[in-house]
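Residue-level listing of the chains:
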Amino acid sequence: MKTARKYKICVVGAGHVGLVAAACFSKLGHKVVCVDNDRNKIQMLKEMSMPFHEPGLEALVKRGLKRENLNFLFSLTEGIRSSEVIFIAVGTPPKKDGSADLSSVENVAYTAAKNLNSYKLVVGKSTVPVQTGKRIQEIIENNKDNGLKFDVASNPEFLREGKAIYDFFYPDRIVLGVESKKAENILKGIYSLVKAPFVVTDINTAELIKHASNSFLATKISFINAVSRVCDLAGADIEKVSKAMGMDRRIGSAFLQAGIGYGGFCFPKDIEAFAYISKKLGYEFGLLREVRNINQGQVVYFLRKIKGKLGSLKNKRAAVLGLSFKPGTDDMRFAPAVKIVEALSQEGVNLSLYDPKSMGKSKKVLKGIKRVKFFKSPYAAVAGADCVCFLTEWDEFRKLDLRKIKKIMKHPFIADGRNMLDKKKVLAAGFEYFGIGR
Ligand code: UGA
């Protein structure tokens, strides 16, 4: 891939959004530095070791380093001074009250102001509440020491973990929130090789598009999860309901998979942040509170169903297959599996855990939880178990040999938190089974 004009880009933040964007911008032919304040991470990346699992990322990083159009830096000042476009992709973690902590974003804006050695375009890429771009503009305006010009823009990222590289190069749309023609042209130039429609808006609108999109997707999931509860009560099948609903083009089939709910670092925090900013602006977005409540209720419901089947939980053994918040990633942040493992352990259940990719991260996240053991294969984990819980729909689990599992379990009982198994086959193999809403 060769772009008509190469831009000098600094991506601040080497997390899931920043590192992917930096690697992909370098593939588009731009000269990219990716800055992070975690020295270890920068060192690791320089040595071509990835801080998280993302298919295809390592190859792109290696390619960029080899061709010398991707570099990793610890110094934010140096990164800013050597670039004309600065993408802010730092974390915006939730505060206790649900609002987004924007201190890292503000720090980048301040450092940009103090290092304005040429015209710069400062672009918000992290998910931020509406009006953050305005704040960035103010910080730079109030702290710069010279008359040099700058622009601020918003270019929210819509990529999914596990499919991030594909999503970057084949997005449904590229949203550009800009306040000048110059900023618009630069951003269009940067993405000129990506074939996707541009949606050009003002900065506030672009920021809101991102919050509204994530909240709507989470709403779809909670809606189908609520319907799944009614299905269980009525004896209907959520899989069929969801399939038929999804065939209506006005609804669409994506994000209608019922289960133990959404996790990850995006939906849970973005729902809170969107509700918070809406209220601050004067609108009580009650729907979002309910989306969160339904989501949290799914884990409770799953646990209740297990108890209902197993009776007393004390000294029972449960195997847990799948720990990451979804397949294709080792990310454990807000993974429903964490809550389920914690709750079962508290009830006295012995737990045998396995995940294809997130064992390292799981060991850290679940450190200190009693009665937990990690196993190197799904079969080793289910041996001797009274129950096996499927909590992440990894493909490898669909290929498991049910007959073998039945032989080595103490009781043949499957709790399918992701409706990922063929219920008929599982029942025919002689298991007791429950899914969510089927
Ligand atoms: C989400 C959005 O999909 C991206 O567009 C966005 O860029 C990203 O957040 C972000 O803001 O950075 P991601 O968190 O990677 O991406 O994960 P998703 O694939 O959206 O899944 C989120 C959660 O919803 C997972 O726990 C998944 O298991 C759950 N889910 C998804 C369901 O329970 N049912 C479904 O039908 C779909």
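Throughout, a residue's number is its position along its own chain's written sequence, starting from 1. Totals for whole chains, interfaces and linings use all residues, but because this is a predicted model, local features are given only for residues with pLDDT of at least 70 and pairs of side-chain atoms are given and counted only at 80 or more. The side-chain quantities take in all heavy atoms of the structure and omit both hydrogens and water.

(A) Representation of the overall build of the protein in the model. A helix here means a DSSP run of H or I that spans at least four residues, while a strand means a run of E at least two residues long, and both kinds are numbered starting from the N terminus. Within the protein, the regular secondary structure consists of 18 helices and 14 strands. Both definitions apply: the radius of gyration is a C-alpha atom measure, and the globule rule equals 2.2 Å times residues to the power 0.38. For a compact globule of 438 residues, the expected C-alpha radius of gyration is about 22 Å, and the protein comes in at 24 Å, within 12% of that figure. Expressed as lengths along the three principal axes of its C-alpha atoms, the size of the protein is roughly 75 × 50 × 40 Å. The buried share of the protein, reckoned over its 438 residues, is 53%. Here the Shrake-Rupley method, with its probe set to 1.4 Å, supplies the accessible areas, and only the displayed protein chains count as covering residues. Carbon together with sulfur atoms contributes 53% to the accessible area of the protein, which is approximately 20,000 Å² in total. Positive charges are assigned to Lys and Arg, negative charges to Asp and Glu, while His and the chain termini are left out of the count. Charge placement uses NZ in Lys and CZ in Arg. For Asp and Glu, CG and CD serve respectively. Separation between the mean location of the 73 positive side-chain charges and that of the 44 negative ones in the protein comes to 4 Å. When a residue's accessible area, from a 1.4 Å probe over protein chains only, is under 20% of the maximum for its type it is buried; when over 50% it is exposed; and in between it is partly exposed.

(B) Focus on the layout of surface pockets. Each pocket or cavity is described by its volume, and for the second largest pocket that value is around 440 Å³. Definitions used for this entry: grid spacing 1 Å over protein atoms alone; cavity, a set of points where a 1.4 Å probe fits but cannot get out; pocket, an open set with protein on both sides within 12 Å along at least 5 of 7 lines; lining residue, one with an atom within 4 Å of a point. What lines the second largest pocket is a set of 23 residues, and nearest its centre among them are Pro268, Asn295, Gln296, Phe334 and Lys339. Here the lining of the second largest pocket takes five residues from helix H12 (residues 286-310), the largest share from any one element. Across the lining of the second largest pocket, the residue classes tally to ten nonpolar, five polar and eight charged. Each of domain 1 (8-201) and domain 2 (266-434) contributes no fewer than three residues to the lining of the second largest pocket. Grid points are joined across faces, edges and corners, and a volume is the space filled by probe spheres set on the points. Under this grouping Gly is polar, as are all residues other than the nonpolar Ala, Val, Leu, Ile, Met, Phe, Trp, Tyr, Cys and Pro and the charged Asp, Glu, Lys and Arg. Domain start and end points were adopted from an automatic or database domain assignment.

(C) Structural view of the nonpolar core. Think of a nonpolar core as a cluster: buried Ala, Val, Leu, Ile, Met, Phe, Trp, Tyr and Cys residues, connected wherever their side-chain atoms sit within 4.5 Å. Formed by 46 residues in total, the largest nonpolar core has its most connected members in Phe25, Phe87 and Ile190. Ranked by residue count, the leading element in this core is helix H1 (residues 16-27), at seven residues. Note on definitions: a residue-residue contact is assigned when non-hydrogen atoms from the two residues lie within 4.5 Å. Not counting residues up to four positions away in its chain, the partners in contact with Phe87 are Ile9, Cys10, Val11, Val12, Phe25, Val123, Lys125, Asn155, Leu187, Ile190 and Tyr191.

(D) Structural detail: the pattern of salt bridges. Each salt bridge in this description consists of a side-chain nitrogen of Lys or Arg and a carboxyl oxygen of Asp or Glu lying within 4 Å of one another. Evaluated as defined, the whole model comprises 26 salt bridges. In this structure, the salt-bridge partner of Lys62 is Glu58, at a minimum N-O distance of 3.2 Å. Linking Lys62 with Glu58, this pair stays in helix H3 (residues 57-67), spanning four residues, or about one helical turn. Residue classification places Lys62 among the partly exposed positions, given a relative accessible area of 34%. A relative accessible area of 37% places Glu58 in the partly exposed class.

(E) Examining empty space enclosed by the protein more closely. Applying the stated criterion across every chain yields a total of three cavities of 30 Å³ or more. One number sums up the size of the largest cavity: a volume of about 60 Å³. Residue lining of the largest cavity: Ile88, Val105, Gly124, Ser126, Val128, Thr132, Gly133, Ile136, Val152, Ala153, Ser154 and Glu207, and that is the complete set. Breaking the lining of the largest cavity down by element, the ones donating at least two residues are helix H6 (132-143) and strand E6 (150-154). Partitioned by chemical class, the residues of the lining of the largest cavity number six nonpolar, five polar and one charged.

(F) Seen up close, the pairing of strand E4 (residues 85-88). Where burial is concerned, the two faces of E4 agree: the one with Val85 and Phe87 and the one with Ile86 and Ile88 are both buried. Relative to E4, strand E1 (residues 8-12) is paired through four bridges, and the arrangement is parallel. Along E4, the bridge assignment pairs Cys10 with Ile86. Criterion used throughout: strands pair if DSSP finds at least two bridges between them. Here E4 pairs with strand E5 (residues 120-124) via four bridges, running parallel. Within the sheet, the bridge partner assigned to Ile88 lies in E5 and is Gly124. Looking down the strands as they point away from the viewer, one classifies a crossover as right-handed if the path from the first strand across the helix to the second runs clockwise. Remark: the E4/helix H5 (residues 103-114)/E5 crossover connection has right-handed handedness.

(G) Quick peek at H5. Expected helix span is given by 1.5 Å per residue-to-residue step, counting one fewer step than there are residues. Taking 1.5 Å of rise per residue, twelve residues should cover 16 Å, and H5 covers 16 Å from first to last C-alpha, within 8% of that figure. Residues of H5 that are buried make contact with E1, helix H4 (76-81), E4, E5 and H6.

Purely geometric numbers; function is a separate question.
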